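# Report on the structure
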Amino acid sequence: MRIGVLGTGNMADALATHWARAGHEVTIGGRDTHKAERLATRIGSGAMPASLSAAAEFGRVVLAALPFDAGAGVIRELRAALEGKVLLDCSNPVGPGFRLLTDGGPSAAQQLAAAAPGAHVVKAFNLCHEDVWRMRPPVFDGRALAVPVCGDDQEALACVYELVRDVGCEPVSGGGLARAGLLEATAALFIALWVGEGADAQAIAPPLAYAAGA
C-alpha cells in the first residue's frame, strides 16, 4: 500500500516505522525537508522524504500526523491532492487542564473532513502515547491492544483495519465519523486520569461479560 505521511513528529515516526517494516511504500512529508529526510532515514525500509504536497499526492492512504491547531489548515491546502484518498487522523484536540478543545463543536476528524470534502476521513490511533505505538507489538498481559476506528467509507475502513493489524493491534469498529468526537473525548478523559490523577484508566471498565449486567 502507498502511504503518505504528513508530519515528522513522534506519531509519524512510530506508525510509519511499523508500516514500512510491514512492506508498505512510505513517503514522509514535512514543511522542513531536512526533518523529513532524517525521519525517512531513521525509519529505513525504503521510506522516502518529500514535501507535504508530494506525500499527499503519493499516498493511497495519507496519515495526518499533525497538531490539532495546524491540521485543518494544512489539509485545506492539500485538499485537491487528497481527493478520493483515505485520510487517517490520529490527532487529539486536548488543551491545558486536559480540556477538550472541540467541546460543543465539530470533532478534529470532522474538521479535516470539512477541509478536504473529497477525502475519506478515518479516525484511529488517538488513544495512546506514541511510545505505545512504538512497541513491537503493543501486547499487554498476552492480549493485543484494541484500536477503535471511526469512519463512513467501507473501503477506507478496510485499509485502516489492515494498517492497525500491521502495528500488531486488533481493529474495533467505533461507528461512523460522527462518533470520532467520542474517541477524542475519551482520549481527553484518559489523559486526565493517567497524567492528572495517576490512575489506571484501564481499570474503570468491567469485562465484556459484565458490561450489560452480571
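Let me begin by describing the structure that accompanies this report.

Take the pattern of salt bridges next. The final tally for this structure, using the stated rule, is six salt bridges. Among the salt bridges present, the one from Arg 42 reaches Asp 13, with a minimum N-O distance of 3.3 Å. One end of the pair, Arg 42, is in helix H2 (residues 33-43); the other, Asp 13, is in helix H1 (residues 10-21), with 29 residues separating them in the sequence. On the basis of relative accessible area, Asp 13 is assigned to the buried category, the value being 10%. Among the charged side chains, a salt-bridge network with shared partners connects Asp 13, Arg 42, Asp 131 and Arg 134.

Let us now look at the pairing of strand E12 (residues 170-173). Residues in a regular strand point their side chains to alternate faces of the sheet. Of the pairings in the sheet, the one linking strand E11 (residues 146-151) to E12 comprises four bridges and is parallel in character. When the bridges of E12 are listed, Ala 146 appears paired with Glu 170. Handedness of the β-α-β unit built from E11, helix H7 (residues 154-166) and E12 comes out right-handed.

It is worth spelling out the packing of H1 against H2 at this point. Where H1 meets H2, the axes come as close as 9 Å, and the angle between the chain directions of the two elements is 45 degrees. Here H1 is positioned oblique relative to H2, judged by the angle of their axes. The two elements H1 and H2 cross, and the hand of that crossing is right-handed. Counted together, Ala 12, Asp 13, Ala 16, Thr 17 and Ala 20 of H1 and Leu 39, Arg 42 and Ile 43 of H2 form the full contact between these two elements.

Here the focus is the packing of helix H4 (residues 68-77) against helix H5 (residues 108-115). With their axes 8 Å apart at the nearest point, H4 and H5 run at an angle of 20 degrees to one another. Judged by the inter-axis angle, H4 sits roughly parallel to H5. Crossing hand, H4 versus H5: right-handed. For the pair H4 and H5, contact is made by Phe 68, Gly 71, Ala 72, Ile 75 and Arg 76 and by Ala 108, Gln 111, Leu 112 and Ala 115, respectively. Classifying every residue of the contact of H4 with H5 gives six nonpolar, two polar and one charged.

Conventions adopted
- Residues numbered from 1 in each chain as written.
- Predicted model: local features only at pLDDT ≥ 70, side-chain atom pairs only at ≥ 80, totals over all residues.
- Heavy atoms only, no water.
- Salt bridge = Lys/Arg side-chain N within 4 Å of Asp/Glu carboxyl O.
- Helix = DSSP H or I, 4+ residues; strand = E, 2+ residues; numbered from the N terminus.
- Buried < 20%, exposed > 50% of the residue type's maximum accessible area, 1.4 Å probe, protein only.
- Pairing = 2+ DSSP bridges.
- Right-handed = clockwise from strand over helix to strand, strands pointing away.
- Axes fitted to C-alpha atoms, helices over the stretch in contact; angles between N-to-C directions.
- Parallel < 35°, antiparallel > 145°, perpendicular 65-115°, else oblique.
- Left-handed = near helix turned anticlockwise from the far one by under 90°.
- Contact = heavy atoms within 4.5 Å.
- Nonpolar A, V, L, I, M, F, W, Y, C, P; charged D, E, K, R; others polar.

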